[in-house]
Amino acid sequence: MSKVLIINGSARKDGCTAAALNEMVKVFESEGIETEIIQIGNKTVRGCISCQSCSQKGRCVFDDIVNETAAKFEQADGLVIGSPVYYGSPNGTLLAFLDRLFYSTPFSKQMKVGAAVVSCRRGGNTASFDVLNKYFTISSMPVASSTYWNQVHGFTAEDVAKDKEGLQTMRNLARSMAFMIKAFADAKAKYGLPEIERGSFTSFPDGK
Ligand SMILES: Cc1cc2nc3c(=O)[nH]c(=O)nc-3n(C[C@H](O)[C@H](O)[C@H](O)COP(=O)(O)O)c2cc1C
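Note that the structure is predicted; figures quoted are calculated from it, not measured.

(A) Broad picture of the environment of F184. Mapped onto the secondary structure, F184 falls in helix α7 (residues 164–191). Judged by its relative accessible area of 22%, F184 is partly exposed. Note: C-alpha distance between F184 and D77 (107 residues apart in sequence) is 9.4 Å. Not counting residues up to four positions away in its chain, the partners in contact with F184 are M111, V113 and P142.

(B) Examining the packing of aromatic side chains more closely. Tallied over the full model, the rule gives four aromatic pairs. Both rings, one in F73 and one in F107, keep their centres 5.4 Å apart while their planes meet at 85°; by these two values the pair is edge-to-face. Note that F73 is positioned in helix α3 (residues 65–75) and F107 in the loop between α4 (92–104) and β5 (113–120), a separation of 34 residues in sequence. Assigned by exposure class, F73 and F107 land together as buried. Measuring from ring centre to ring centre gives 5.4 Å for Y148 and W149, while their planes differ by 70°; the resulting arrangement is edge-to-face.

(C) Just the pattern of salt bridges, in detail. Taken as a whole, this structure holds eight salt bridges when the rule is applied. Note that K26 and E23 form a salt bridge whose closest N and O atoms lie 3.1 Å from each other. One end of the pair is K26 and the other is E23, both in helix α1 (residues 16–30) and three residues apart, which spans about a single turn. Note that E23 and R171 form a salt bridge whose closest N and O atoms lie 2.7 Å from each other. With a gap of 148 residues between them, E23 in helix α1 and R171 in helix α7 connect regions that are remote in the sequence. Judged by relative accessible area, which is 11%, E23 ranks as buried. Each of K3, E36 and K72 takes part in one network of salt bridges that share partners.

(D) Looking closely at the layout of surface pockets. Computed from the structure, the largest pocket encloses a volume of approximately 830 Å³. As for the largest pocket, its lining consists of 23 residues, and the residues nearest its centre are F102, Y103, T105, I138 and R198. The set of elements that each furnish at least two residues to the lining of the largest pocket consists of α2 (54–57) and α4. If one sorts the elements of the lining of the largest pocket by residue count, α4 sits on top with three residues. Classifying every residue of the lining of the largest pocket gives nine nonpolar, 11 polar and three charged. Taken as a whole, the second largest pocket encloses approximately 270 Å³ of empty space. As for the second largest pocket, its lining consists of 15 residues, and the residues nearest its centre are P84, V85, Y86, S119 and G154. Listing elements by their share of the lining of the second largest pocket, those giving two or more residues are α1, β3 (78–86) and β5.

Conventions we followed
- Residue numbers here run from 1 along each chain, matching the order of that chain's written sequence.
- Totals for whole chains, interfaces and linings use every residue, but because this is a predicted model, local features are given only for residues with pLDDT of at least 70 and side-chain atom pairs only at 80 or more, for both listing and counting.
- Hydrogens are left out, water is left out, and the side-chain values use all remaining heavy atoms of the structure.
- Put simply, DSSP marks the helices as runs of H or I at least four residues long and the strands as runs of E at least two long, and each gets a number from the N terminus on.
- In this scheme, a residue with accessible area under 20% of its type's maximum is buried, one over 50% is exposed, and one in between is partly exposed, where area comes from a 1.4 Å probe on protein chains only.
- Any two residues having at least one pair of non-hydrogen atoms within 4.5 Å are treated as being in contact.
- Paired rings are identified among Phe, Tyr and Trp, the last through its six-membered ring, by centres lying within 6.5 Å, and are further divided according to the angle between planes into stacked (under 30 degrees), edge-to-face (over 60) and tilted (the rest).
- Any carboxyl oxygen of Asp or Glu that lies within 4 Å of a side-chain nitrogen of Lys or Arg is treated as forming a salt bridge with it.
- Within this scheme a cavity is a closed region of a 1 Å grid, computed over the protein atoms alone, that accommodates a 1.4 Å probe without allowing it to escape, whereas a pocket is open but has protein on both sides within 12 Å along at least five of seven lines; lining residues each have an atom within 4 Å of a point.
- Grid points are joined across faces, edges and corners, and a volume is the space filled by probe spheres set on the points.
- Gly is put with the polar residues, along with every residue not named as nonpolar or charged; the nonpolar set is Ala, Val, Leu, Ile, Met, Phe, Trp, Tyr, Cys and Pro, and the charged set is Asp, Glu, Lys and Arg.

Structure follows, in structure tokens:
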């Protein structure tokens, strides 16, 4: 059974971001795709210290929710990252978590389908959306899209329930993602994964 791992960057388990993500869960269930939601914003998560020990150990030196999630991410076919907007950006705890999760994990993320979901009361959704999508697009992860940028508006989950277009966007996003996960599974069996070159790292004009 295919699985989508869902990260909720909010501290509020039943807040606005959760309302958006739950709308997606309903679609995944109807598509026969398993889901697991991991709440991040209510945890103490420190940032990356660039110690580079993950390049030897294959895991983060700080053994916490990041390493726990890494094992689940490796098994997942898709990753949804949801975040409330804080001062025009994704929530800081979530960013600390994502920097360490993506940097410390050596497994291939190629063709795992990614989707970012953002929630704000009034402004900053698209800027936050752009930040989250960058984790996918540096990791050979195709990004699922919808009928609007993946955003809802509200200060409470009750507000989000009234954001009809926002919730419609979430349902369409989940349908796109489910389709991509199923199609990629078939394509992987038929064609295998595309080659990835890794030989060059920080190339300067003198070629050295
Ligand atoms: C520290 C902080 C900063 C916020 N900054 C913004 C902001 O820049 N723009 C905005 O529209 N809402 C902002 N909000 C409101 C939340 O983004 C908004 O209510 C969001 O939908 C809450 O999602 P949640 O219930 O999942 O946590 C902020 C809230 C907090 C606590």
